[in-house]
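The lines below spell out each chain.
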Amino acid sequence: MWLTQPLYERSTRIFLGVLLLAMILVTLLHLAVPADHPLYVSAYTVNLFGKYLSYALLAVAVDLVWGYLGILSLGHGAFFALGGYVMGMYLMRQIGDRGVYGHPELPDFMVFLNWDALPWYWLGSDSFLFTALMVMLVPGVLAFAFGYLAFRSRVTGVYLSIMTQALTFALMLAFYRNEMGFGGSDGMTNFRDILGFDLRTDETRLALFLISGVALAVGYVICRALVNSKLGRVCIASRDAEARTRFLGYRVERVQLSVFVVSAMLAGVAGALYVPQVGIINPSEFAPLFSIEIVLWVALGGRATLYGAVIGALLVNYAKTYFTGVMPDAWLFALGGLFVLVTVFLPKGIAGLLKQRKQAKEKEEEVPA
Amino acid sequence: MKPLLACLLLFLTWLPSLSIAEEDVRAGALLEALDVRSFADKGEAISELAISEDPRTRYWLNALLDGSLQRTHEGRFVVVLNNRGRSWPVEDALTQEDLGEISRRELNRISINNSLRNQIRSLIAVADLYSEDLSLRRASAERLVGEVDEALAEFLAEHIEQETDRRVQQRLSLALAIYQLEQGELDAVAELHGSLNTDARIALSRAAAQEENPLLAQEAQAALSAIEQRLKMNRTAETLYFGLSMGSVLVLAAIGLAITFGVMGVINMAHGELIMLGAYTTWAMQQLLPGQPGLALLLSIPAGFMVSGLVGIAMERGVIQFLKGRPLETLLATFGISLMLQQLVRTVISPQNRTVVTPEWMSGSLVVNDALSLTLNRLYIMAFALLVFMALIYILRRTRLGLEVRAVTQNRAMARSMGIKATRVDMMTFGLGSGVAGLAGVALSQLTNVGPNLGQAYIIDSFMVVVFGGVGNLWGTLVAGMSLGIINQVIEPWAGAVVAKILVLVFIILFIQKRPRGLFPQKGRAAGD
């Protein structure tokens, strides 16, 4: 089966092995090590790692379209945020009558706005299954509608990037409005539990971390399988020479559209995993800056490698947590400098650096032989 | 009332001939007459006072009007300067000499009622009609609209002829016509036809509603609908004005990008920050030249151009030239630069907004008619945007640099083999585009808050304008900016500002699907690919 094919591949095995090892290690260090031990991993840190893993999944989704399709999406934050909002709606409904106003059905912000019933698009948001479906469907449908229009009329390159940026910007403006029914600028927060488990307990946090890790592994394998498949070959062909691929008889726009939709769905899942772990979703996730930051993760890690995206996401976000804690003023300098340095001096990212070194070694070994 | 006005005329041509003492005695008597019970008598006394030839008449009438003309228990007339607290500072009504503070229990106000108040107001206004000062005359004529009574009407009918200023004349005829309409004169309707004045509209709708004179009602109704028509036109003009104003801001913000992105093909995400630097230059200039905001603003036009232009050149030399032919990487690198520039401003200056002063000659508004007035600062910015646009067109079409820029963008290798230094041209072009962004910042500092986030607000809009207009086409940018501004203003009244913005974005996204190369795509060799 094409989906299991990557499991026989060396790089995928290494990636999955490292990921599994890290997950086991974090779990052990959290559960089995006493709290005052220097190696103890606190629940806060577990939560933080869980957040990073959902970011990593998002980065993989972006790498799929940017690395293999050549489409620089500056709006993937929108798909991420939409997945997050769908999950947020479910979590909001789970609060039930424990909100500030104690309304059995309506979330607090709707009571505050004097609404007397849930808007139609909140229908079904109390069912987890339905939510899980919508987490992928909502970003998928948006990506389909946008991509269908864009790819059909062959909007590519820089134009497409700017359009995706405009898309997420427009969504941000829309979600800032109270009338949208998604909590306006405050967004949704004060979540209580998910599937009956209290979100604030350490066990739930650990479980969410592990689920994020599994989701990343599954997402990675799906993307790898996609890339290795025949469809993936056409992707790379259309990235490198769109016109030639077209002349060979491939419907490039269909390939682009399908991969774009898959990527948006993955981003939605990442958003849905992210929201219960940070406990809030608000329109700032739609900000164009966030979407561009995702691209930086991928650029730093190395385009078109998938594992590079994961490395980049983890590194940048760890640095962000570190910098904003130690010297918040320096973070934007560091981030900005990183953008410049990576694009000028490290066009292939860290993964490219690793490959280069490996190749150099191989050559060295070849010469004496 | 007629002799009253005759005397008023006299009073205004009066020459000082009485001795001070005599004068004060007379004035004392005039004021004395005001302190009577009956309002009818008081009215007489006020008329007396108004036609007295005393130069202090206006002062007394004003004091009487706002209730500060009072009398002490000793019978002295005083004017209260401030009526807070228990004892009030007063001055003598006759000599205007400072009398210190007097307990408010010692004072009795010369009270007036509403009809007297109106009488006084008209008297003051009429007196002002003779003033040498044109602005005073205009204000007075303005005040008389809707306040005309029988006596005044007679006076006005004669006085209009003497008036030299056309605006005063128009106002006075309007005031007269409103009175005549109220008296049921049919001719007055013709005079009010198409007037946008609120009082005129009220008078007309009253006349249209009454039933005693059906002919008049009919005529008034016709005049009213004509006015409605004109009001609608004015509203359209206003929307258009706001749209053009917003459009010119968009054009200013985008025109620099039209050069760096459109002509050179460099995606400069730091364009917004170059705008911000221009705005901060204005602020810095005003700090350097305190008390002279106008001069500082004028000086910051070249200064803003230089600052942003030099930063742009540094960016081009330092980063962008190494990323030639990799547009997506350029986008990311310049975005990084934009983050650093923002943080630089935050660290060096302040994360808070700075206030830039608007010079006097830029504030205020140009009054076109009763329903339409145009704010001056927006007019200036519109003119500035057009000027910058024209200058850029000139540079690109008529100068050596423009020729070289066009040559390099069309065929770099060929241009180089003809002896054009392509790297120098790149540098100059990028500097030019960046400098224009600085100019936009100078203009924007007059409209919005100057803060580290100023640029971010405009970057997406700017790209939209350039893409919508067609990359590489300055005229396209102009048309696109103006039309987006107008579209936005047309949608805004019924959808709200945020929804209008969203709709415009969605519109552009859909438009680009239909015409990926914008409104005015480049044709022929320049189009390239």
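Please read these numbers as outputs of a predicted model, since none were measured by experiment.

With respect to the overall build of chain A
Link 1 in the chain: Tallying secondary structure elements over chain A gives 14 helices and four strands in all.
Link 2 in the chain: In terms of overall dimensions, chain A has a C-alpha envelope of 75 × 60 × 45 Å along the principal axes.
Link 3 in the chain: Relative to its 369 residues, chain A shows a buried fraction of 52%.
Link 4 in the chain: For chain A, contacts bridging at least 24 residues in sequence account for 77% of all contacts bridging at least 6.
Link 5 in the chain: Approximately 16800 Å² of chain A is accessible, and the part contributed by carbon and sulfur atoms is 65%.
Link 6 in the chain: Chain A carries 27 positive and 24 negative side-chain charges, and their two centres are separated by 13 Å.

Brief notes about the UniProt feature "transmembrane region" (unreviewed entry) in chain A
Residue and element names in this part refer to chain A.
Link 1 in the chain: UniProt annotation of "transmembrane region" (unreviewed entry) refers to residues 12-32, 78-96, 128-151, 158-176, 206-227, 255-274, 294-318 and 330-354 when read in the numbering used here.
Link 2 in the chain: Secondary structure across residues 158-176 divides into 95% helix and 0% strand, with the first and last C-alpha atoms of the span separated by 27 Å.
Link 3 in the chain: Split by type, residues 255-274 is 100% helix and 0% strand. Its first and last C-alpha atoms lie 29 Å apart.

Some remarks on the packing of helix H12 (residues 271-288) of chain B against helix H13 (residues 293-318) of chain B
All names here are of chain B.
Link 1 in the chain: Contact pair H12 / H13: the axes reach a minimum separation of 8 Å and the direction vectors enclose 140 degrees. With respect to their mutual orientation, H12 and H13 come out oblique. Judged by the twist between their axes, the crossing of H12 over H13 is right-handed. Residues Leu274, Leu277, Gly278, Thr281, Thr282, Met285 and Gln286 of H12 pack against Pro293, Ala296, Leu297, Leu299, Ser300, Ala303, Gly304, Val307, Ser308, Val311 and Gly312 of H13.
Link 2 in the chain: In the contact of H12 with H13, the residues fall into 10 nonpolar, eight polar and no charged.

Here we look at the domain arrangement of chain B
A common measure of how large an interface is: the accessible area buried when the components associate.
Link 1 in the chain: The domains assigned to chain B are domain 1 (2-115) and domain 2 (234-352 + 376-523).
Link 2 in the chain: The C-alpha-based centres of domain 1 of chain B and domain 2 of chain B are spaced at 63 Å.

Here's the deal with helix H10 (residues 198-209) of chain B
One full turn of an α-helix is made of 3.6 residues, so residues set three or four places apart face in the same direction.
Residue and element names in this part refer to chain B.
Link 1 in the chain: Taking 1.5 Å of rise per residue, 12 residues should cover 16 Å, and H10 covers 16 Å from first to last C-alpha, within 8% of that figure.
Link 2 in the chain: Residues of H10 that are buried include every one of Ala200, Ala203, Leu204, Ala207 and Ala208, and no others. Seen from one end, H10 has its buried residues packed into an arc of 135 degrees, which puts them on one side. Those residues of H10 that are exposed and angled more than 90 degrees off the buried face are Thr198, Arg206 and Ala209.
Link 3 in the chain: A side-chain oxygen of the first residue of H10 lies 2.7 Å from the backbone nitrogen of Asp199; this N-cap is Asn197.

Focus on the interface of chain B and chain A
Link 1 in the chain: In this assembly, 38 residues from chain B lie in contact with 39 residues from chain A.
Link 2 in the chain: Counting each side, the surface lost to burial between chain B and chain A is near 3600 Å², with a carbon and sulfur contribution of 82%.
Link 3 in the chain: If you sort the residues of chain B by the area they bury against chain A, Leu328, Leu332 and Gln513 of chain B come out on top, with a joint share of 19%.
Link 4 in the chain: In this structure, the connection of chain B to chain A is made through zero salt bridges.
Link 5 in the chain: Our enumeration of links across chain B and chain A arrives at four residue pairs in polar contact (both at pLDDT 80 or more).
Link 6 in the chain: For the side of chain B that touches chain A, the secondary structure elements donating two or more residues are helix H14 (327-348), helix H19 (454-469) and helix H21 (497-514) of chain B.
Link 7 in the chain: Per-element accounting of the side of chain B that touches chain A gives the leading share, 15 residues, to H14 of chain B.
Link 8 in the chain: Split by residue class, the side of chain B that touches chain A holds 30 nonpolar, four polar and four charged.

With respect to unusual backbone geometry
Residues and elements named next belong to chain A.
Link 1 in the chain: Of note, Arg154 is a non-glycine position whose phi angle comes to about 60 degrees, a positive value.
Link 2 in the chain: Relative to the assigned elements, Arg154 resides in the loop between helix H5 (128-152) and helix H6 (157-175).
Link 3 in the chain: Phi angles above zero are rare outside glycine, and Leu195 is one such case at about 50 degrees.
Link 4 in the chain: Within the element layout of this structure, Leu195 appears in the loop between strand S2 (193-194) and strand S3 (197-198).

With respect to the pattern of salt bridges
Two side chains of opposite charge can pair, provided their charged atoms sit close to one another.
Residues and elements named next belong to chain B.
Link 1 in the chain: Under the counting rule described, the total for this entry stands at 21 salt bridges over all chains.
Link 2 in the chain: The salt bridge partner of Arg71 is Glu32, with a shortest N-O separation of 2.7 Å. In this pair, Arg71 is assigned in strand S1 (residues 69-72) and Glu32 in helix H2 (residues 20-34), connecting sequence segments 39 residues apart.
Link 3 in the chain: A relative accessible area of 39% means that Glu32 is categorised as partly exposed.

Side note on the side chain of Thr27 of chain A
Link 1 in the chain: Mapping Thr27 of chain A onto the fold places it in helix H1 (residues 10-31).
Link 2 in the chain: Aside from chain neighbours lying at most four places away, what touches Thr27 of chain A is Ala32, Leu206 and Leu210 of chain A.

A few points about the nonpolar core
Link 1 in the chain: Core analysis: the biggest nonpolar cluster contains 190 residues, and Trp122, Met188, Leu216, Phe286 and Trp297 of chain A together with Phe261 and Leu474 of chain B have the highest contact counts within it.
Link 2 in the chain: Sort the elements by how many residues they give to this core and helix H2 (residues 43-69) of chain A lands first, with 15 residues.
Link 3 in the chain: Apart from the residues within four sequence positions on either side, Trp122 of chain A is in contact with Met89, Met92, Arg93, Pro107, Phe109, Met110, Gly181, Phe182 and Met188 of chain A.
Link 4 in the chain: One finds Leu156, Leu172, Ile227 and Leu231 of chain B within the second-largest nonpolar core, a separate group that totals 36 residues.

Rules of the game
- Residues numbered from 1 in each chain as written.
- Chains lettered and ligands numbered in written order.
- Predicted model: local features only at pLDDT ≥ 70, side-chain atom pairs only at ≥ 80, totals over all residues.
- Heavy atoms only, no water.
- Helix = DSSP H or I, 4+ residues; strand = E, 2+ residues; numbered from the N terminus.
- Buried < 20%, exposed > 50% of the residue type's maximum accessible area, 1.4 Å probe, protein only.
- Contact = heavy atoms within 4.5 Å.
- Areas by Shrake-Rupley, 256 points an atom, 1.4 Å probe, with all protein chains shown as cover.
- Lys, Arg positive; Asp, Glu negative; His and termini not counted.
- Charge placed at Lys NZ, Arg CZ, Asp CG, Glu CD.
- UniProt positions renumbered as here; feature names shortened; annotations may be inferred.
- Axes fitted to C-alpha atoms, helices over the stretch in contact; angles between N-to-C directions.
- Parallel < 35°, antiparallel > 145°, perpendicular 65-115°, else oblique.
- Left-handed = near helix turned anticlockwise from the far one by under 90°.
- Nonpolar A, V, L, I, M, F, W, Y, C, P; charged D, E, K, R; others polar.
- Domains from an automatic or database assignment.
- Expected span 1.5 Å × (residues − 1).
- Arc of directions from axis to C-beta.
- Polar contact = N/O pair within 3.5 Å; in protein donor to acceptor, adjacent residues only side chain to side chain.
- Buried area = accessible area lost by both parts, 1.4 Å probe.
- Salt bridge = Lys/Arg side-chain N within 4 Å of Asp/Glu carboxyl O.
- Core = buried A, V, L, I, M, F, W, Y, C linked by side-chain atoms within 4.5 Å.

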